[in-house]
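Residue-level structural notes
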Amino acid sequence: MSTVAMPAEERRAKYASQIDEFMDWVRDRNPGEAEFHQAVEEFAADIVPYVAENARYSDHNLLQRITEPDRVVIFRVCWEDDQGTAQVNRGYRVQFNNAIGPYKGGMRFHPSVNLSILKFLGFEQIFKNSLTTLPMGGGKGGSNFDPKGKSDAEVMRFCQALMSELARHIGNYRDVPAGDIGVGAREVGYLFGQYKRISANFQAGVITGKGLQYGGSLIRTEATGYGCVYFVAEALAYIGDELAGKTCLVSGSGNVAQYTTEKVIDLGGKVVTLSDSSGYIYDPDGIDREKLAYVIDLKTVRRGRIHEYVEKYPNATFYPGEKPWGVPCDVAFPSATQNEIDADDAQKLVEGGCKVVAEGANMPTTLEGAAIFQANNVIFLPAKAANAGGVAVSGLEMSQNSIRRPWSREEVDRRLRDIMRNIHEQCVHYGSGDGSSSVDYVHGANVGGFIKVADAMLAYGIV
Ligand code: NDP
């Protein structure tokens, strides 16, 4: 039986000693990096067995090489706040793997940012980018800077200070940053403006998520959320079902959450929750277009808190300090941050009738939570497949920058849908057992993403 045809638990049991040995090596080499260990462990559970059964990938320590970043840049970022006080933050760029294209991945500004988090994100990005079929390597960066409560002028000075150092490490053939948590249109504008100033060069393809006036792509803002919902629609269609009429939970209320909600509404589903780090709102009537427009304005213009929703829509309830996973639903879209669904939360979702979990955020489910979903036949769609729409349209933004022509909204949306359909096909191809109709999406995404990168690395010899 090939590893593809074997149920996940059986496969992991058969190769447990090789997986453990490899993970011991990863932990010893990267001490204290819990999130990075977690991301590698999820990958290793599928790829160590796959490599063991495919001799082509067994030589030259390929797995050791693929888990070691090409390079990591860490730098001081000094800027002046509105009171004239000098502030110091730490900036990072993890250039993980450029086997199939320039490093590509967002910048995250959040006080929790550290090397472990950026290495987990950069590692996942390698395989996600490979799944899109576009020529993009994997990278990630950011800072422990907290944009919350800062004035526009402070955010601008911080972005300029960060780019003054980052500029020497990036380029459209080298490394192409974008947004992530805490980095939206405003921050990308400031970052690109400073790059343009200090390089004396309008190199549009050096960063993605740009404004439409200066080289951005239509649908980039919406792409991660839209792509995630397209992916769920594909997974449901595969079992003869559809999103129309389904009750959905969404966590977060930022970029991914907003456009996930919009596309669920488009496809006839009903979103009943949104959240931020202070708690969640439950709206039994569902979040319609007008309510969503209010949330987008609240979060992107007024930069307010999600509890304000219940002042505007009193039928809804705010649950401070809680997560939405106890609300009964058909589909859950965790779209806030890593490890927001632990084993208890996963159990609550199962008990509430949840049939599909689509990871809009990166690694929002702990390994224990994912095991509960798989044991209960919940269709579990991992981040590296489900949220790849964002980076896919970033890749399309780079294409448009190269040919110096923008595509229409319809054109970009059609390409996004095709890419998500293609990723789904890869997951089915690598994640289905012989003759079985059920798909192990985690296995499918890991193997599908791995092969192209591994083949390219082998072609280069030992470098
Ligand atoms: P935003 O900054 O726009 O929104 C993040 C949301 O998540 C906010 O509601 C925020 O609440 C909440 N959140 C962030 N950190 C925490 C935390 N520690 N605990 C609880 N809630 C938290 O980010 P995005 O929507 O862009 O990103 C969300 C997720 O999607 C991330 O995992 C990101 O890596 C992933 N992703 C994003 C892509 C993109 O294109 N933007 C592409 C692929 C993945 P609060 O305001 O209170 O902090």
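Let us look at the structure shown here.

Definitions and limits used
- Residues numbered from 1 in each chain as written.
- Predicted model: local features only at pLDDT ≥ 70, side-chain atom pairs only at ≥ 80, totals over all residues.
- Heavy atoms only, no water.
- Helix = DSSP H or I, 4+ residues; strand = E, 2+ residues; numbered from the N terminus.
- Buried < 20%, exposed > 50% of the residue type's maximum accessible area, 1.4 Å probe, protein only.
- Pairing = 2+ DSSP bridges.
- Axes fitted to C-alpha atoms, helices over the stretch in contact; angles between N-to-C directions.
- Near = heavy atom within 4 Å.
- Polar contact = N/O pair within 3.5 Å; in protein donor to acceptor, adjacent residues only side chain to side chain.
- Areas by Shrake-Rupley, 256 points an atom, 1.4 Å probe, with all protein chains shown as cover.
- Salt bridge = Lys/Arg side-chain N within 4 Å of Asp/Glu carboxyl O.
- Arc of directions from axis to C-beta.
- Contact = heavy atoms within 4.5 Å.

**Details of unusual backbone geometry**
Positive phi, normally seen in glycine, also occurs at Met363, with a value near 50°. In this fold, Met363 is placed in the loop between strand 12 (356-358) and helix 13 (367-375). Given the relative accessible area of 7%, Met363 is considered buried. For Arg404, which is not glycine, the phi torsion reads 60° and is therefore positive. Along the polypeptide, Arg404 turns up in the loop between helix 15 (389-403) and helix 16 (409-431). You can call Arg404 exposed: its relative accessible area is 74%.

**What about the sheet that holds strand 12?**
Spatially, seven strands are ordered 10-9-8-7-11-12-13 in an open sheet, and the strand pairing comes out mixed. Unpaired on one side and paired on the other, strand 10 (317-320) and strand 13 (379-381) mark the two borders of the sheet. Each neighbouring strand pair of the sheet contributes to a mean axis angle of 15°, computed without reference to strand direction. Both strand 7 (residues 247-250) and strand 8 (residues 270-276) contribute to a ladder of three bridges, which runs parallel. Bridge pairing links Thr247 to Lys270 in strand 8.

**Describing the site of the ligand**
Surrounding the ligand, one finds 24 residues, the nearest of these being Asp180, Thr224, Ser277, Arg305 and Asn362. Contact between the ligand and Thr224: an oxygen atom at 2.7 Å from a side-chain N or O atom of the residue. Interatomic distance of 2.7 Å between a side-chain N/O atom of Arg305 and an oxygen atom of the ligand. Surface burial for the ligand is 83%, taken as the share of its 890 Å² of free accessible area covered by protein chains.

**Here we look at the pattern of salt bridges**
What the rule picks out here adds up to 36 salt bridges. The closest approach of N and O atoms between Glu53 and Lys14, which form a salt bridge, is 3.6 Å. Placement of the pair is Glu53 in helix 3 (residues 34-53) and Lys14 in helix 1 (residues 8-14), with a sequence separation of 39 residues. With a shortest N-O distance of 3.1 Å, Lys263 and Asp266 are connected by a salt bridge. Residue Lys263 and its partner Asp266 are both found in helix 9 (residues 255-266); the two are separated by three residues, about one turn of the helix. If you follow the salt bridges from partner to partner, you end up with Glu234, Glu411, Arg414, Arg415, Asp418 and Arg421 in one network.

**Overview of the environment of Ala454**
Within the secondary structure layout, Ala454 lies in helix 17 (residues 441-459). With a relative accessible area of 0%, Ala454 lands in the buried category. For the pair formed by Ala454 and Tyr57, sequence separation is 397 residues and the distance between their alpha carbons is 7.3 Å.

**Observations concerning helix 13**
Buried within helix 13 are the following residues: Gly369, Ala370, Ile372 and Phe373. Seen along its axis, helix 13 keeps its buried residues to an arc of 155°; they face one direction. Residues of helix 13 that are exposed and point over 90 degrees away from its buried face: Glu368 and Ala375. Looking at the buried residues of helix 13, the elements they touch are helix 12 (343-351), strand 12 and strand 13.

**Re the environment of Lys263**
By relative accessible area, which is 9% here, Lys263 ends up buried. With near-sequence residues (within four places) excluded, Lys263 lies in contact with Tyr226, Val229 and Tyr230. A distance of 3.1 Å separates the side chain of Lys263 from the side chain of Asp266, its partner in a polar contact.

**A closer look at the pairing of strand 5 (residues 138-143)**
Among the six residues that make up strand 5, six are buried, leaving the element largely enclosed by the rest of the structure. Here strand 5 shows no split at all, with Gly138, Lys140 and Gly142 on one side and Gly139, Gly141 and Ser143 on the other all buried. Relative to strand 5, strand 4 (residues 107-109) runs parallel, the two being bridged by three bridges. Paired with Phe109 across the strands is Ser143, a residue of strand 5.

**Considering the pairing of strand 2 (residues 86-97)**
Across ten bridges, strand 1 (residues 71-80) lies against strand 2 in antiparallel orientation. Looking across to strand 2, one finds that Phe75 is bridged to Gly91. Here strand 1 folds back onto strand 2 in antiparallel fashion, the turn holding five residues, of which Gly84 has a positive phi close to 85°. Sheet analysis places strand 2 next to strand 5, joined by six bridges and oriented antiparallel. Residue pairing across strands places Asn97 opposite Gly138, the latter belonging to strand 5.

In short, geometric facts, not functional conclusions.
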